[in-house]
Amino acid sequence: MAAVKIAAQLTKGATDAAKAKKWTEAAKQLRWPYWDWTDPVVLTDGFPLVIKSPTVPIVSAAGTTETVPNPLAFYKFPSPMDGEFKDVLVNVPYSNGVTQKSFFSQWTRTYRWPGETATPTDDYDKVDAYLKRLWVDVRAKVAHLFTYENETDPSKCWDEFSNTTVQSDPSKGASSVSKSLEAVHNSIHIIIGGAGHLGQNDFASFDPVFWLHHANNDRIYALWEYCYPNYWVGAGYNNKNTGKFTYFTQPTGGTFYQLDHSRVDQATDMLPFRKARDAYWTPQDVRSLENRPDVLPKYYSYPPVDGLDVTASATDAQRLKLRARMQAHFGLHATVVESSYRTLTHSSPFFANTILDTLHVPSGVNAISNYRHFLVSVTLNEHAFNDSYTFELVYRPSTEEAEVSTHVAVLSRPKSTRCAACHGRAAVGNTVRGMIHIPSSHVASLLDDFLIEDTTEDTEADVIKSAFSGKLIGRGGHVFATARAGQPVHEADRLDECITPTVKFFSAYGGLCGDEGPLSFFGWQDHREVFEGCWKKGA
C-alpha cells in the first residue's frame, strides 16, 4: 500500500493517464528484491554496483532519465543521533592495548568495512576481497543444506537447519557435522559489514543491504522448504535423553515479548508482524509458498531455480530429484577422485573404499566406489571476544595451487547491548556451530605430496590436517589468535581453554539416492581434533 501511495503522489497532476496508470500498476507489483550472493557473477564482479554506487539513474514520472542518490548505498540517520547508538570498542586480546573501534554514536550514516575513525569511507576493495575469497566456501555451505537425510524426527532437522545452536540435541557441534542456514546468513553480515553496521546485530538492519540479504535467505529457505516439506518446528521434538516429548523454548533472557523458557512452536505469535488488526502472523502462517488451499497466500514468490518452482505442487519422488538439482546448482558434485597417489604401489585407504564391502549402506542408496566426502566441524564460543568474529581455516592443496580460505562466522553482540537473551547466552557460555567442506580433489592433492607405505586412514588424516592453519579474526580484521595443525604451543602462550575453538575433521562414504537422486552420506568417521594444543594467543 505504501508503494501505491507514493506512485499516486509522483503521478499527481500527470497529463498522460497511461503513464500514470503504468506507475500505479508497477507499484502494485513491487516486492522487496533479493541479492543472490551465491550467483557466480559475484566471484568475478564482487559486490554489486547497483548496491554500492552513490547515485543511480531512474526514469521519472515525466518519462525522463534522472540521476538520484542511491537508496541502497547507505542510510543517513536523522539528526541528532539517537542515544541508543553507542560506540563499540573491543580490546583486541593479547595485543598490548590495541582497540578495535566502531564509532556508531558518531557515524551519521551506515558504512561497510569503514576505517576506525569518526569520519570513515566505505572500503569496497575489502568487501570485494573478502567476498571473492570466501565465495566458494559460502556456496558450499548452501549446497550442503540440501544433504539432510530422511530423519525420523523432522523437528530436530528443522532445529539444526534453522539455528547455530541445537536446542533439541546440545551435543551436536563438537561431535558431529552441522548444516545451518543461520550460519551462512551470519557469514554475509561480517563479510559485507566488517566493523560497520551490518557486522553488528544491534545496528545491522539500518544498512539497506540487510533487507536484500535477508530476502535472499528467505529465498534459499523457500527452496529448502520445498525439498523438505515435512521438516518443521511443529509442536516440539522427542528428547532422546529423557524419552519424553519436549517443547522448544526461548533461551535465558527471552525476547522483548516472550519470557525466559517460554514455549515456541508453530502457533507462536510472531510479534510485531500483524496479519490483521487483532492477530499476528505465526510460523504456521508463513509456511510454504505453494498454491494450495491449505497455504495462506503470501503475495510474493521467487523465480524457478533449475526447474524448482516453489509455487508448484510436487510428489515426494520429484522433490527428491530436485534436491539433487539444488546440490548441483550450488556446486556440490560427486567427484570420483583418481589421484596419482593411488597409482603408486600402495593405495589411499580413503579412496579405495574396501570397507564398502562390509559397511551397511542405507536402503535405497547406491554407493559410489572410490569416493569420500570430507567436512570440518567447528564449534565456537559465541561471546569469546565481546563482539562478532570469524574463524578462518586456510590450506594450500598443492604447491601449484592457490591458497584456499574457508570460514565460520559468529554474529554476536557486545556486553553493552540491551538484548537480554544475548546476556543470557553469554552467561551460560553458549556455543555456535558451523561446517566447512574440504573437496575430495583437494584431499587427493594433499596426499599426493606424501609417499607413505602401508598407510592407514588415521595416518592420512594426520597428513591432511597438517596442511591446515587457523585464525580467529575480529570483524574489523584484527587477528585474535592463530593455530597451525601439528604444531603445539607452550602452555603459557595458549589461548584460554574456555574460548578455544573445537575443530574436528570428518569423512563419510557417499552414494546416490536412486538413479537421479541427491548425494547421500553415510558411515561418518571422526578423525579427531585438528588444532589440539595449537592455539596461540595473538597474531
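The notes below deal with the structure included here. Small disclaimer: the values here were computed from a predicted structure and weren't measured.

Right, let's get into the sheet that holds strand E18 (residues 519-529). Spatial ordering of the open sheet is given by E14-E11-E17-E18, a layout of 4 strands whose pairing is antiparallel. On the outer flanks of this sheet lie strand E14 (431-437) and E18, each paired with one strand and no other. With strand direction ignored, the average angle separating the axes of adjacent strands in the sheet is 30°. Examined bridge by bridge, strand E11 (residues 365-381) and strand E17 (residues 502-513) share 11 bridges and lie antiparallel to one another. Looking at E17, one finds that Phe-374 is bridged to Ser-507. Along the sheet face, helix H5 (residues 124-144) touches E11 and E14 and points at about 100° away from the line of E14.

Over its 14 residues, helix H10 (residues 316-329) extends 20 Å from the first C-alpha to the last, a length consistent with the 20 Å expected when each residue adds 1.5 Å. For H10, the full list of buried residues reads Arg-319, Leu-322, Arg-323, Ala-324, Met-326 and Gln-327. Those residues of H10 that are buried are in contact with H5, helix H8 (209-227) and E18. Trailing H10 by a residue or two, Gly-331 shows a phi angle of about 100°, which is positive.

Grouped together as the largest cluster of nonpolar side chains are 58 residues, with contacts concentrated most on Trp-35, Phe-47, Phe-146, Ile-192 and Trp-224. Looking at this core element by element, the count peaks at 10 residues for H8. The contact partners of Trp-35, leaving out residues within four places of it in the chain, are Val-42, Phe-47, Pro-48, Ile-51, Leu-131, Ile-188, Ile-192, Val-209, Leu-212 and Asn-216. If you look at the next biggest cluster of nonpolar residues, it comprises 41 residues, including Val-378, Val-404, Val-443 and Ala-483.

Okay, the sheet that holds strand E13 (residues 404-410) next. Strand order in this open sheet of 5 strands is E13-E12-E15-E16-E19, and the pairing throughout is antiparallel. Each of the sheet's edge strands pairs with one partner strand only, and the pair in question is E13 and strand E19 (535-537). Each adjacent strand pair in this sheet contributes to an overall mean axis angle of 20°, direction not counted. In this sheet, strand E15 (residues 469-474) lies alongside strand E12 (residues 389-395) in antiparallel orientation, the contact comprising 6 bridges. Looking across to E15, one finds that Phe-391 is bridged to Leu-472. Packed onto the sheet, H5 meets E12 and E13 and runs at close to 75° relative to E13.

Attention now moves to the environment of Arg-484. Here Arg-484 lies in strand E16 (residues 479-484). Overall, the relative accessible area of 34% leaves Arg-484 in the partly exposed class. Between the C-alpha atom of Arg-484 and that of Ser-466, which follows or precedes it by 18 residues, the distance is 7.6 Å. The contact partners of Arg-484, leaving out residues within four places of it in the chain, are Ser-466, Ala-467, Phe-468, Ser-469, Phe-531 and Cys-534.

Quick look at the packing of aromatic side chains now. By the definition in use, this model includes 40 aromatic pairs. Seen from their ring centres, Phe-104 and Trp-107 are 5.4 Å apart, and the 80° between their planes marks the pair as edge-to-face. Each member of the pair Phe-104 and Trp-107 is classed as buried. Through pairs of rings, three or more aromatic residues link up here, namely Tyr-75, Phe-77, Phe-85, Phe-103, Phe-104, Trp-107, Tyr-111, Phe-203 and Phe-206. Between Arg-109 and the ring centre of Phe-74, over which it is positioned, the NZ or CZ distance is 4.0 Å. The residue whose ring lies beneath Arg-372 is Tyr-509, and the NZ or CZ to ring-centre distance is 4.1 Å.

Looking now at unusual backbone geometry. For the peptide bond that leads from Ser-79 to Pro-80, omega is 0°, which places it in the cis range. Residue placement: Pro-80 occurs in the loop between strand E2 (65-69) and strand E3 (88-91). In this model, Ser-288 sits at a positive phi of 75°, which is unusual for a non-glycine residue. Here Ser-288 is to be found in the loop between helix H9 (283-286) and H10. Accessibility expressed as a relative area gives 9% for Ser-288, which makes it buried.

What follows covers empty space enclosed by the protein. One way to see where empty space is left: roll a probe the size of a water molecule over the atoms. Evaluation of the coordinates by the stated rule reveals 2 cavities of 30 Å³ or more. If you trace the largest cavity, you find 13 residues lining it, with Trp-113, Tyr-130, Ile-190, Thr-390 and Glu-392 closest to the centre. Ranked by residue count, the leading element in the lining of the largest cavity is helix H7 (residues 181-193), at 3 residues. Across the lining of the largest cavity, the residue classes tally to 7 nonpolar, 4 polar and 2 charged. Computed from the structure, the second largest cavity encloses a volume of approximately 50 Å³. Contributing elements (two or more residues each) for the lining of the second largest cavity: H7 and E14. Tallied by class, the residues present in the lining of the second largest cavity amount to 5 nonpolar, 2 polar and 2 charged.

Reading guide: rules and limits
Residues numbered from 1 in each chain as written. Predicted model: local features only at pLDDT ≥ 70, side-chain atom pairs only at ≥ 80, totals over all residues. Heavy atoms only, no water. Pairing = 2+ DSSP bridges. Helix = DSSP H or I, 4+ residues; strand = E, 2+ residues; numbered from the N terminus. Axes fitted to C-alpha atoms, helices over the stretch in contact; angles between N-to-C directions. Contact = heavy atoms within 4.5 Å. Expected span 1.5 Å × (residues − 1). Buried < 20%, exposed > 50% of the residue type's maximum accessible area, 1.4 Å probe, protein only. Core = buried A, V, L, I, M, F, W, Y, C linked by side-chain atoms within 4.5 Å. Phe/Tyr/Trp six-rings, centres within 6.5 Å; stacked < 30°, edge-to-face > 60°. Lys NZ or Arg CZ within 6 Å of the ring centre and 35° of its normal. 1 Å grid on protein atoms, 1.4 Å probe; cavity = no way out; pocket = protein on both sides within 12 Å on 5 of 7 lines; lining within 4 Å. Points joined across faces, edges and corners; volume = space filled by probe spheres on them. Nonpolar A, V, L, I, M, F, W, Y, C, P; charged D, E, K, R; others polar.

Worth remembering: the numbers are spatial, not functional.
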